[in-house]
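Residue strings, one per chain:
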Amino acid sequence: MVTITVDGLEITVPRRTRLLQACLDNGIYIPNLCYLEGMDQPPASCRLCLVEIEGRPGPVPSCSLEVEAGMVVHTNTDEVQKLQKMAFRLLVCTNEGQCRMCMANKRCELQRIAKFLHMPLRTKRLRHLPKDLPEVIEDHPCIVYEPNKCVLCGRCVYVCAQQGNDFSLSFANRGFNTVISFFGSQNEGQGDACLDCQACVDICPVGALNLKDDRRRHLRKMAAKAKARG
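Let us look at the structure shown here. On a predicted model such as this, the values are computed, not experimentally measured, just so you know.

By secondary structure assignment, the location of Asn210 is in strand β9 (residues 209-211). You can call Asn210 buried: its relative accessible area is 4%. Residue contacts for Asn210: discarding those within four places in its chain leaves Met103, Cys142, Ile143, Val144, Glu146 and Val201.

Strands sit in the order β2-β1-β5-β3-β4 across an open sheet of five strands; the sheet is mixed. A single partner strand is all that each edge strand has here, and the edge strands are β2 (9-13) and β4 (60-61). Relative to β2, strand β1 (residues 2-6) runs antiparallel, the two being bridged by five bridges. Bridging across to β2, Val2 finds its partner in Val13. The sheet contacts of helix α2 (residues 78-92) involve β3 (50-53) and β5 (72-74), and relative to β3 the element is tilted by about 160°.

What follows deals with helix α7 (residues 212-229). For α7, with 18 residues, the first-to-last C-alpha span of 26 Å sits near the 26 Å given by 1.5 Å per residue. Taken together, the buried positions of α7 are Lys212, Arg215, His218 and Met222. Around the axis of α7, the buried residues are gathered within 120° of arc, so they sit on the same side. Residues Arg220, Lys227 and Ala228 are exposed on α7 and point more than 90 degrees away from its buried face. Buried residues belonging to α7 abut β6 (143-145) and β9. After α7 finishes, the residue Gly230 shows a positive phi value of roughly 80°.

Cut-offs used in this document
- Residues numbered from 1 in each chain as written.
- Predicted model: local features only at pLDDT ≥ 70, side-chain atom pairs only at ≥ 80, totals over all residues.
- Heavy atoms only, no water.
- Helix = DSSP H or I, 4+ residues; strand = E, 2+ residues; numbered from the N terminus.
- Buried < 20%, exposed > 50% of the residue type's maximum accessible area, 1.4 Å probe, protein only.
- Contact = heavy atoms within 4.5 Å.
- Pairing = 2+ DSSP bridges.
- Axes fitted to C-alpha atoms, helices over the stretch in contact; angles between N-to-C directions.
- Expected span 1.5 Å × (residues − 1).
- Arc of directions from axis to C-beta.

Coordinates in, geometry out; function isn't part of it.
Next up, the structure:
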């Protein structure tokens, strides 16, 4: 076991625990999107889980480090919060602000992070940048993808690869046009396998992936509510 200090609180965790996981397991919330417990090499791409560690220069992503005995960690310094807010603004600069209509409303990780950072989900500090992508992509037999909601955290790509099937999600295109690809999903039997699995749908933190049937029911429900309101 290893004892570290986080924001003045001593915690003891197993050796080789990721610093981010150690904090989360002990009730110390650090914003994160691309990390999942069990990853051998977390991508550290969302740049939200930054912390400062005494004796080290500058903030570092806590998902990329393992705990070390005597480590002294600060999760809420001015520099950390400044960089977290900057990363968050970049993530939501494409956000359409349609949370009420979203299937992930009130369980969306972006909403949780916005509340934690005291930030709006439609930023006024950066110009709104709508993606030139379709509202929905329905290439997959049973899953619908909403690229304008997707933050490209990669959780779905990771969990799909863990299933050991012939087909797996991947990233496609580059830069602002990057999307999640379903190439190969039309293979015989793949739709049934995905329907039984749903790991990518369950792990998506922002509701960008949903089962087609569930989304249809949700849209009908929203339409009925709108009609009732007149």
